[in-house]
Amino acid sequence: MKTLEFIEKIIEEKSTRIIEANDQIWEFAELAYHEYQSAGLLCQFLKDEGFTVETGLAGIPTCFQGTYSYGCGKPVVGILGEYDALSGLNQAAACPSRQPIIQGAPGHGCGHSALGAGALAAAIAVKEYLKTFKKSGTVIYFGCPAEEGAGSKQFMARAGLFDQVDFVYTWHPDSINQVDNSHNNAIMGANFHFKGLTSHAGSAPYLGRSALDAAELMSVGCNYLRGFFRNYP
């Protein structure tokens, strides 16, 4: 049997439960850093498939990884799974127009329910390939919370989770099926608070400090600085 035929066979055999996992995560629709049910479901699936699961990684309760090794364990391939929802995007399934079931409730805006389940299918297929054909290697499913929020991969990288991985795959729903080598700039969210000092605008403006001026200066300075950061491929 050819490799592709084998992979297709494995995915077909697991398809019912994989689709059920996607549908359940869709229903959970949990916001960033609160994906407890979604992460728990994926972790249990990985355990049932023979993966060793570690939870609460990088200081994030809903961050986890599932690992399966065969032979010498090399090479090591990582597969990224995401499962967080977005605020206010609750939506009826299989409906192409806006139709919330619960107005204002969270929902999966760009397919993160499928991102988690689809990545899981890929990890299981690689595991079965290593096991069946007795190929040395390791596959790691990385459960990545809060992709739509403040993120988790930067904290996972800082914690060393990717240090021993040879390469990492991810995917995203789209209108076409292709391998994409695009790149993005990293982002780190932060909140800034500006405090001013009041004074009489006519008689003593020099005694005041404008919080609005500070915010505007910061915005202008960041925009000037932005053009000097290289967008690495």
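Preceding block: the structure.
Heads up: these notes are all about the structure in this document. (Residues numbered from 1 in each chain as written. Predicted model: local features only at pLDDT ≥ 70, side-chain atom pairs only at ≥ 80, totals over all residues. Heavy atoms only, no water.)

Pairing in this open sheet of 5 strands is mixed, and the strands run 1-2-4-3-5 from one edge to the other. In this open sheet, the two strands that pair with only one neighbour each are strand 1 (52-55) and strand 5 (167-169). Neighbour-to-neighbour, the strand axes of the sheet open up by a mean angle of 20 degrees, direction not taken into account. With 4 bridges connecting them, strand 1 and strand 2 (residues 64-70) associate as antiparallel partners. Looking at strand 2, one finds that V53 is bridged to G66. In the packing of helix 2 (residues 36-48) onto the sheet, the strands contacted are strand 1, strand 2 and strand 4 (137-144), and the crossing angle to strand 2 comes to about 10 degrees. Against the sheet, helix 3 (residues 112-133) makes contact with strand 2, strand 3 (76-82) and strand 4, and its axis sits at roughly 155 degrees relative to strand 3, the strand it touches most. (Pairing = 2+ DSSP bridges. Helix = DSSP H or I, 4+ residues; strand = E, 2+ residues; numbered from the N terminus. Axes fitted to C-alpha atoms, helices over the stretch in contact; angles between N-to-C directions. Contact = heavy atoms within 4.5 Å.)

Here the focus is the packing of aromatic side chains. All chains considered together, the criterion is met by 7 aromatic pairs. Between F142 and F162, the aromatic rings sit 4.8 Å apart at their centres with planes inclined by 65 degrees, giving edge-to-face as the arrangement. Of the two residues, F142 sits in strand 4 while F162 sits in the loop between helix 4 (153-158) and strand 5, which places them 20 residues apart along the sequence. Judged by its relative accessible area of 0%, F142 is buried. You can call F162 partly exposed: its relative accessible area is 21%. Ring pairs connect the aromatic residues F6, Y129 and F133, which therefore count as one cluster. For R17, the ring lying beneath its charged end belongs to F45, and the centroid distance is 4.0 Å. (Phe/Tyr/Trp six-rings, centres within 6.5 Å; stacked < 30°, edge-to-face > 60°. Buried < 20%, exposed > 50% of the residue type's maximum accessible area, 1.4 Å probe, protein only. Lys NZ or Arg CZ within 6 Å of the ring centre and 35° of its normal.)

By themselves these figures say nothing about function.
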